[in-house]
Amino acid sequence: MTWAESLREFETHLRLERNLADNSVLAYLRDVNHLRSYLEPLGVDPLSVTPDHLRGVLSQLQMLDIAITTQCRIISGWRTFYKMLVISELLKDSPAEMLEMPAKPKHLPDVLSNDDINAIQATFDRSLPGPARNYVIVEILYGCGLRVTELCNLKLSNVYPDEEMLQVIGKGNKERWVPINSYALSCLQDYLFHIRSQILPQPGEERYVFLNLRGHHLTRVAVFQFIKAAVTKAGLHKNVSPHSLRHSFATELVQNGADLRAVQEMLGHETLSTTQIYTHLTNQFLRETISSFHPHYKK
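Residues numbered from 1 in each chain as written. Predicted model: local features only at pLDDT ≥ 70, side-chain atom pairs only at ≥ 80, totals over all residues. Heavy atoms only, no water.

**Q** Explain the sheet that holds strand β3 (residues 175-179) here, please?
**A** Each strand in a sheet pairs with another by means of backbone hydrogen bonds, the pair being arranged parallel or else antiparallel. In space, the three strands of this open sheet follow the order β1-β2-β3, with antiparallel pairing throughout. Taken across any chain shown, the strands that pair with only one partner, and hence form the sheet edges, are β1 (159-160) and β3. By the bridge criterion, two bridges tie β1 to strand β2 (residues 165-169) in an arrangement that is antiparallel. In the sheet register, Tyr160 faces β2, and the bridge partner there is Met165. (Pairing = 2+ DSSP bridges. Helix = DSSP H or I, 4+ residues; strand = E, 2+ residues; numbered from the N terminus.)

**Q** Would you mind going over the nonpolar core with me for this structure?
**A** Within soluble globular proteins, side chains that are nonpolar tend to cluster in buried spots. In this structure, Ile140, Leu146, Leu188, Phe210, Val223 and Ile227 are the most contacted members of the largest nonpolar core, which totals 44 residues. When residues of this core are traced back to their parent elements, those giving at least two are α5 (114-121), α6 (129-144), α7 (148-152), β2, α8 (182-194) and α9 (220-234). Sorting elements by how many residues they give to this core places α6 first, with nine residues. Beyond its immediate stretch of four places on either side in the chain, Ile140 contacts Gly145, Leu146, Leu151, Leu166, Ile180, Leu188 and Phe210. (Core = buried A, V, L, I, M, F, W, Y, C linked by side-chain atoms within 4.5 Å. Buried < 20%, exposed > 50% of the residue type's maximum accessible area, 1.4 Å probe, protein only. Contact = heavy atoms within 4.5 Å.)

**Q** Mind showing me how you'd approach helix α2 (residues 22-39) here?
**A** Because the α-helix completes a turn every 3.6 residues, residues three or four places apart line up on one side. Here α2 contains 18 residues, and its C-alpha end-to-end distance of 26 Å stays within 8% of the 26 Å for a straight helix at 1.5 Å per residue. Against α1 (3-17), α3 (51-63) and α4 (68-87) lie the buried residues of α2. (Expected span 1.5 Å × (residues − 1).)

**Q** Even after reading the chapter, I still don't get the confidence of the model for the protein, so can you show me in this structure?
**A** Note: predicted coordinates in regions of low pLDDT should not be interpreted at a detailed level. Of all residues in the protein, 88% attain a pLDDT of 70 or more, and the chain-wide mean is 86. Within the protein, the lowest mean pLDDT, 59, falls on helix α13 (residues 277-293), and the highest, 96, falls on β1. (pLDDT = per-residue confidence, 0-100.)

**Q** In this structure, what is going on with the environment of Trp177? I would like to understand it.
**A** Inspection of the secondary structure assignment puts Trp177 in strand β3. Trp177 sits in the partly exposed class, given a relative accessible area of 34%. Those residues in contact with Trp177 that lie beyond four places of it in its chain are Tyr160, Met165, Leu166 and Gln167. Here Glu175 takes part through its side chain, which lies 3.1 Å from a polar atom of the side chain of Trp177. (Polar contact = N/O pair within 3.5 Å; in protein donor to acceptor, adjacent residues only side chain to side chain.)

Right under this line is the structure:
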């Protein structure tokens, strides 16, 4: 089997059997293409790859100073690729199975306070259609914990105002239901009635909630850009992205005593371990609280 043949089969597997979104499929294919670019010139086909080959390619990537998180993602892609070949009975064992993951650096994401959110929203002139829409988007990202892709893909049919719920399609086309608070819902309905209704959607864009003024649904890049601009205008000295609002949503919940499994469900995390980073944030908050108010911490 050639690399080209195996990659075609891999893409089919990801799309049809794993039901992954386009971005995820492209990321997996890119990971395997790292292998192909190193090993195909050496005459090594995908079925002849050994653990030593994989470690050699990983060593080359490390010399390029590729981030550890990226290296871990690439290894995960290799494992998925070779698991498919084993399932297809083209290989007996996966050469990637025992490949060790590099140790990930422990870090806490930037978190925004409620005052930070208010400062960001205060930069939007709500008398103008674009900034008024952006105000609503920040409110939903912070109030519902959506991923930016989930927000950009939100359809009119996904909004259930009577139930105060959003139907969210997350990673791997997995559906979940997320509550939307009454203020965020009111802001959303105002946008739909007074701004969205005045925009002529382009063909195929009619179902999307958030449109630009030319009638196309918003992209992740567009949301990233206007949030970055608002953070700068608000004078906040933090590294903020749309994902920071999702982190802040979860941190507020855990910090105020929400059940971790409920937070997991609302965030759409596949495993509880992913959600548990917010317990570390909470511990940091507790330490800062004690250091501020306990007399022995001031010695």
